[in-house]
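Observations on the model geometry
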Amino acid sequence: MRALFDLWDAKRGSRQAPPRQDFSHEDLQPWFGHLMLLDCLDSNEYRYRLYGTALTRLFGFDLTGKMVGASADRIGDKPQDEYARVVRIGAPVYASRISPSAREYLQVDKLALPLMEGGRVTKILGAIYLSDGE
């Protein structure tokens, strides 16, 4: 995930955060499967535009197209708070925590990166991996 942060940091340059269009599919290819892309909607709500195939296998469900708030029964309340923090501070948020899956609770590492247009966070690019301790 450090390499993903470094890519994001290089793309932002002197800006607070880069826009989505600064990332090509080729740029993100090393993390495919573990990526998620969220749309930041009004009233502190978020929609999974993309939920990677490795995440679907890991957790046992696909959240593509789903609202974060409406998925709390599967993912808990922490993701909503993490995404709200990314939007509020306009900076990356890293979390290492226990996360619910369809089968069990897993120790995961998560990086959520803001993507900005017009001075506001419009999307969040994230990645989740099982913690090295697993």
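Since the structure is predicted, the reported quantities are computational estimates derived from the model, not experimental observations. Along each chain, residues carry numbers from 1 onward, in the same order as the chain's sequence is written. Restriction of local features to residues with pLDDT of at least 70 applies here, the model being predicted, together with a cutoff of 80 or more for giving and counting side-chain atom pairs; totals for whole chains, interfaces and linings are based on all residues. Remark: hydrogens and water are excluded; side-chain values derive from all non-hydrogen atoms of the structure.

For the rest of this paragraph, the subject is the sheet that holds strand β5 (residues 120–130). Each strand in a sheet pairs with its neighbour through backbone hydrogen bonds, running either in the same direction (parallel) or in the opposite one (antiparallel). In this scheme, strands are said to pair when DSSP sees at least two bridges between them. In DSSP terms, a helix is any run of H or I states spanning at least four residues, a strand is any run of E spanning at least two, and both are numbered starting from the N terminus. Taken together, the five strands give an open sheet; going across it, the order is β2-β1-β5-β4-β3, and neighbouring strands pair in antiparallel fashion. Edge positions in the sheet fall to β2 (45–51) and β3 (93–100), since each of these pairs with one other strand and no more. Within the sheet, the average angular offset between the axes of one strand and its neighbour, ignoring direction, is 30°. Across ten bridges, strand β4 (residues 105–117) lies against β5 in antiparallel orientation. Bridge pairing in β5 links Lys110 to Ile128. The contact criterion used is simple: two residues touch if any of their non-hydrogen atoms lie within 4.5 Å. Axes here mean lines fitted to C-alpha atoms, for a helix over just the part in contact, with angles spanning 0 to 180 degrees between N-to-C directions. This element, helix α1 (residues 2–12), spans β1 (35–41), β4 and β5 of the sheet and lies at about 5° to β4.

On to the environment of Gly33, then. By secondary structure assignment, the location of Gly33 is in the loop between α2 (25–28) and β1. The spacing of Gly33 and Ile128 is 95 residues in sequence and 9.4 Å in space, taken between C-alpha atoms. Apart from residues lying up to four places away in sequence, Gly33 is in contact with Gly52, Thr53, Ala54 and Leu55.

Time to look at the pairing of β4. Burial classes follow relative accessibility: with a 1.4 Å probe on protein chains only, a residue under 20% of its type's maximum area counts as buried, one over 50% as exposed, and anything between as partly exposed. Of all 13 residues that make up β4, ten are buried, and the element is covered over most of its length. The pairing of β3 with β4 spans eight bridges and is antiparallel. In the strand pairing of β4, Ala95 is matched with Lys110. Hairpin connection between β3 and β4: a loop of four residues separates the two successive antiparallel strands. Hairpin connection from β4 to β5: two residues lie between these consecutive antiparallel strands, with Gly118 at a positive phi of about 60°.

What follows covers the pattern of salt bridges. Salt bridges are counted wherever a side-chain nitrogen of Lys or Arg sits within 4 Å of a carboxyl oxygen of Asp or Glu. Enumeration over the complete set of coordinates arrives at nine salt bridges. Here Arg2 and Asp6 are joined by a salt bridge, their closest N and O atoms 3.1 Å apart. In this pair, Arg2 and Asp6 are both assigned in helix α1, four residues apart and thus about one turn of the helix distant. Ionic pairing is found between Arg97 and Glu82, a salt bridge with its closest N-O pair at 2.6 Å.

A word on the packing of aromatic side chains. Centres within 6.5 Å are what make two rings of Phe, Tyr or Trp a pair, Trp counting through its six-membered ring; a difference in plane orientation under 30 degrees is then read as stacked, over 60 as edge-to-face, and the rest as tilted. A complete count under the given rule lists five aromatic pairs for this structure. Ring centres of Phe5 and Trp8 lie 5.7 Å apart, and the angle between their planes is 35°; on these two criteria the pair is classed as tilted. With Phe5 and Trp8 both in helix α1, this residue pair falls three residues apart, about one helical turn. With a relative accessible area of 21%, Phe5 lands in the partly exposed category. Using a relative accessible area of 1% as the deciding quantity, one classes Trp8 as buried. Judged by centre distance (5.4 Å) and plane angle (80°), the ring pair of Tyr48 and Tyr51 falls under edge-to-face.

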